[in-house]
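# Report on the structure
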Amino acid sequence: MRFDVYTPLVLSLLLSVVAPVIGGRVAPALAARVLTSAAVLTAAATTWSLVLLVTALLGDAPPVVREAREDGHRLADPVPVVIGIAAGVALAVVARRVCRAVRAERCTRRALQRLCAGQPADTELIVAASKVPQAFAIPGRPGRILVTSAMLSALEPPERRVLLAHERAHLAHRHGPLVTAATLAAAANPLLTPVRSAVVFLVERWADEQAAAVVGDRRTAARALARAALSAGRARPACPLNFTERAVTRRIAALQTSPPPRLWPAAAAVLALGALPALLAADATDDLLGLLSGVLT
């Protein structure tokens, strides 16, 4: 209990350091799934560790425990009072952050669904008359793709195929839930924010690779990405295809090389890193239960 309960926080930092490395060397589809799974496991473990610290602080509250102390039984304090109080404050902050993230996700989904209002049920592509170049996938049943006229006019026909294939990949592989899971994990554990950023980048790279495979030409995919980014740059604050200057440069560079390999050993190591905090939190739980059961008997 004394050490296991703190190790998930340390492992969160390690996962955040490893995430960009894995994102750059492992196939995007595999890396995105593995990092998201590891982030969710780690966030759950760190949150539970905070619960354990608060529980340990409140261990003096039950009447049986107080009576045991009054009878002269020596009870070891699993954590210092200051740490227990800090854990309680941190747990309240985590609850607030997660609630805010959930509300933001719901607002975004409602806003996207409103864009599809009035469209026929079998309509996949929605073209909006706008001077702002934008394109994004709208999850749902069915999923939709919204593209503005400005974006379509900025691209050549082969590049439009890349654009549509990119957005279809987001819908087909359910990238929205992946990003949402990583976002909630980062809300619960801010140390995992770099992991969330890596997942956001990886789902875009995943869609880039899928689009390149559909059109059969990686150079065309890179050219479409570059042209769309230039169009977006002239019309800030629009941000189609999740463009930031550094991210889009990395994505274009990746499309000009061979697809990254599926490094299963590296992926397995990341999953193990994500599972380890959960195991340590479970061990800390057993220690706390054992301590309380020893007091109550």
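Residues numbered from 1 in each chain as written. Predicted model: local features only at pLDDT ≥ 70, side-chain atom pairs only at ≥ 80, totals over all residues. Heavy atoms only, no water.

## Observations concerning the confidence of the model for the chain
Threshold: Think of pLDDT as the predictor's per-residue confidence, scored from 0 to 100. Counting from the N terminus, the helices are DSSP H or I runs at least four residues long and the strands are E runs at least two residues long. Contacts are assigned to residue pairs that have any heavy atoms within 4.5 Å of one another.
Averaged over every residue, the pLDDT of the chain is 82; residues scoring 70 or more account for 81%. Within the chain, the element-level pLDDT minimum falls on helix α3 (residues 63-70), averaging 47, and the maximum on helix α7 (residues 175-188), averaging 95. The low-confidence segment residues 61-68 (pLDDT under 50) makes eleven contacts with residues lying over four places distant or belonging to another chain. Counting contacts from residues 237-243, a segment whose pLDDT is below 50, to residues more than four positions away or on other chains yields 27 contacts.

## Points about the nonpolar core
Counted only if it meets this: Nine residue types can take part in a nonpolar core, namely buried Ala, Val, Leu, Ile, Met, Phe, Trp, Tyr and Cys, and a core is a set of them joined through side-chain atoms within 4.5 Å. Residue burial is assigned from relative accessible area. The probe radius is 1.4 Å, only protein chains are included, and a residue is buried under 20% of its type maximum, exposed over 50%, and partly exposed in between.
If you look at the biggest cluster of nonpolar residues, it comprises 36 residues, and the most contacted ones within it are Leu15, Ala32, Leu35, Leu192, Val195, Val203 and Val270. Elements that contribute at least two residues to this core include exactly α1 (7-25), α2 (28-57), α4 (81-115), α7, α8 (193-215) and α11 (264-296). The element best represented in this core is α2, accounting for twelve residues. Sequence-distant contacts of Val203, that is, excluding residues within four places in its chain, are made with Ala32, His170, His175, Leu178 and Val179. Counting residues in each nonpolar core, the second largest holds 13 residues, with Val162, Ala165, Val215 and Ala229 among its members.

## Things to note about the sheet that holds strand β3 (residues 144-148)
Put simply, the rule reads: DSSP calls a pair of strands paired once it identifies at least 2 bridges connecting them. Axis geometry follows a simple rule: fit a line to the C-alpha atoms, using only the stretch in contact for helices, then measure angles between N-to-C directions, giving values from 0 to 180 degrees.
One open sheet accounts for three strands, arranged β1-β3-β2; its pairing is mixed. For this open sheet the edge positions go to β1 (125-128) and β2 (135-138), each flanked by a neighbour on one side alone. Pairs of neighbouring strands in the sheet enclose a mean axial angle of 20°, with direction left out of account. Where β1 lies against β3, four bridges are found, and the strand directions are parallel. What sits directly across from Ile126, in β3, is Leu146. Sitting on the sheet, α4 is in contact with β1, β2 and β3, with an inclination near 105° to β2.

## Let's talk about the pattern of salt bridges
The following threshold applies: Within this document, salt bridges are pairs made up of a side-chain nitrogen of Lys or Arg and a carboxyl oxygen of Asp or Glu, the two lying within 4 Å of each other.
Tallied over the full model, the rule gives nine salt bridges. One salt bridge in this structure joins Arg227 and Glu156, with 3.5 Å as the shortest N-O distance. Remark: Glu156 occurs in the loop between α5 (149-154) and α6 (157-172) and Arg227 occurs in helix α9 (residues 218-233); sequence separation between them is 71 residues. Arg227 is the salt-bridge partner of Glu159, the closest N and O atoms lying 3.3 Å from each other. Taken together, the positions of Glu159 in helix α6 and Arg227 in helix α9 put the pair 68 residues apart, joining distant regions of the chain. Taking the relative accessible area as the measure of exposure, Glu159 reaches 1% and is therefore buried. For Arg227, a relative accessible area of 30% gives the class partly exposed. Members of the salt-bridge network, linked through shared partners, are Glu156, Glu159, Arg223 and Arg227.

## Re the packing of aromatic side chains
The following threshold applies: Each aromatic pair joins two rings of Phe, Tyr and Trp (for Trp, the six-membered one) with centres within 6.5 Å, and gets the label stacked for planes under 30 degrees apart, edge-to-face for over 60, and tilted for any other angle. Throughout this description, the term charge over a ring refers to an Arg CZ or Lys NZ atom that lies within 6 Å of the ring centre and within 35 degrees of the ring normal.
On inspection of all chains with the given rule, the structure shows zero aromatic pairs. We note Arg250 situated over the ring of Phe201; from NZ or CZ to the ring centre the distance is 4.0 Å.

## Brief notes about a nonpolar patch on the surface
For the record, the criterion: Candidate patch residues must exceed 30% relative accessible area and have no salt bridge, after which like charges are joined if within 9 Å and Val, Leu, Ile, Met, Phe, Trp or Tyr side chains if within 5 Å. In short, Shrake-Rupley with a 1.4 Å probe defines the accessible areas, and a residue's cover is counted only from the protein chains shown.
A contiguous nonpolar surface patch, about 350 Å² in accessible area, is contributed by Val81, Ile85, Val89 and Val93. Relative to the helices and strands, Val81 is located in helix α4.

## Details of the side chain of Arg144
Inclusion rule: Here a polar contact is taken to be a pair of N or O atoms separated by no more than 3.5 Å, where protein atoms must pair a possible hydrogen donor with a possible acceptor and residues adjacent in sequence count only if both atoms sit in side chains.
Of note, Arg144 is situated in strand β3. One polar contact links the side chain of Arg144 to the main-chain carbonyl oxygen of Thr123, over a distance of 3.1 Å.

## Here's the deal with the pairing of β3
Successive residues of a regular strand alternate their side chains across the two faces of the sheet. Across the five residues of β3, five count as buried, placing the element largely inside the fold. Side chains of β3 alternate between two faces, with Arg144, Leu146 and Thr148 and Ile145 and Val147 buried alike. The pairing of β2 with β3 spans four bridges and is classified as antiparallel. Bridging across to β3, Ile138 finds its partner in Arg144. Count of turn residues in the β2/β3 antiparallel hairpin: five residues, of which Gly140 carries a positive phi of about 155°.

## So, unusual backbone geometry
Phi angles above zero are rare outside glycine, and Arg174 is one such case at about 55°. Looking at where Arg174 falls in the secondary structure, it is placed in the loop between α6 and α7. Using a relative accessible area of 55% as the deciding quantity, one classes Arg174 as exposed.

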